Amino acid sequence: MMASTLPFTRGRMKENESLAPMTWFRVGGPAEFLLRPADVEDLCDFLRLLPLEMPVTVIGAASNLIIRDGGINGVVVKLARGFSEIEVEADGLVVGAAALDVTVSEHAAAAGLAGVEFLSGIPGTIGGAVAMNAGAYGGEIADVLDWADVVTRSGEVRRLSVQELGLSYRHSSLPTDAVVVRVRLRAQQGDVSLIAARIAEIRSKRGASQPVRARTGGSTFANPEGQKAWELVDAAGCRGLTLGNARVSDLHCNFLLNLGGATAAELEGLGEEVRRRVQQKSGVSLRWEIKRIGVPL
């Protein structure tokens, strides 16, 4: 299918668009089509008219994502400026899905709203945070989410409660192909200086314990029940393990690094080798927290 035969959009559509520069790992092949819709109505109209056989993939900040070297077939949807508004209310915030987690925490802090400080430690978008029930530093989306508006594959807007989203540890039960476009987060009035101090503490801890300036993708594996993934990785002797230009971080061994020029296959292969060694050492099968999508080369 050619871009000219796809439904009209008031947003931006590009064909064979490189995705690697949009990901934190800086790896991966191109999108067959990349859509940045103008607003919710534009996205609804586009999906309603898009042939059902055309796959749809949604990406956010791509901070917790490996896009495979062969790229992604079909339409990749990346929400942009029309989806990043933040509306502060007396007891919460209504937030567009493209808004960065850290920006939401800053808006809440400025308004004296407490309860979402943990978002300052999550390097992604609110839409992505809902899709995987992201969490850090003692909080997770399930703790503060009232509802999420999603656009379905048929182009309808549905408002889903936190119960309907089925949030559990680093998981949601979003309908297939649904695009999160707006959410409401609960918060409560708090002391501005205490909120600011908590955000500063989280940023300091994250900077000291994680390779935040590297080409990485956040926590690679989910913590098994009652255990820490990094401790299992360390015990299996995987700290500093390399494959090509991919490396297990020496600073925090639940992080993979692109040392420069790594392929997605090297990063994914290194992760699988870590999983194999952990299984062999401790009998635990680590579950990927980083999402891996697209076509291998």
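Residues numbered from 1 in each chain as written. Predicted model: local features only at pLDDT ≥ 70, side-chain atom pairs only at ≥ 80, totals over all residues. Heavy atoms only, no water.

Asker: So what exactly am I meant to see when it comes to the sheet that holds strand 7 (residues 92-96) here?
Answerer: Within the open sheet, the five strands sit side by side as 6-7-13-11-12. Their pairing is antiparallel. Either end of the sheet is taken by a strand with one partner, and the two such strands are strand 6 (86-89) and strand 12 (157-161). Here the strands of the sheet are splayed against their neighbours by 15 degrees on average, with no regard to which way each runs. Bridge count between strand 11 (residues 145-151) and strand 13 (residues 179-186): six bridges; the pairing is antiparallel. Bridging from a neighbouring strand, Trp 147 pairs with Arg 184 of strand 13. (Pairing = 2+ DSSP bridges. Helix = DSSP H or I, 4+ residues; strand = E, 2+ residues; numbered from the N terminus. Axes fitted to C-alpha atoms, helices over the stretch in contact; angles between N-to-C directions.)

Asker: Any chance you could explain the environment of Val 248 here in plain terms?
Answerer: Relative to the helices and strands, Val 248 is located in strand 16 (residues 246-248). Note on Val 248: relative accessible area 1%, which makes it buried. Sequence separation between Val 248 and Thr 220 is 28 residues, and the spatial gap between their C-alpha atoms is 9.8 Å. Apart from the residues within four sequence positions on either side, Val 248 is in contact with Val 233, Cys 238, Arg 239, Gly 240, Leu 241, Cys 253, Phe 255, Leu 256, Leu 270 and Val 274. (Buried < 20%, exposed > 50% of the residue type's maximum accessible area, 1.4 Å probe, protein only. Contact = heavy atoms within 4.5 Å.)

Asker: What am I meant to see in the state of the cysteines here?
Answerer: Put plainly, two cysteines are in a disulfide when a covalent bond ties their sulfur atoms together. For the structure on display, the rule yields zero disulfides. Cys 253 takes part in no disulfide bond, and the closest cysteine sulfur, belonging to Cys 238, lies 8.0 Å away. Classification of Cys 253 by relative accessible area gives buried; the value is 3%. (Disulfide = S-S within 2.5 Å.)

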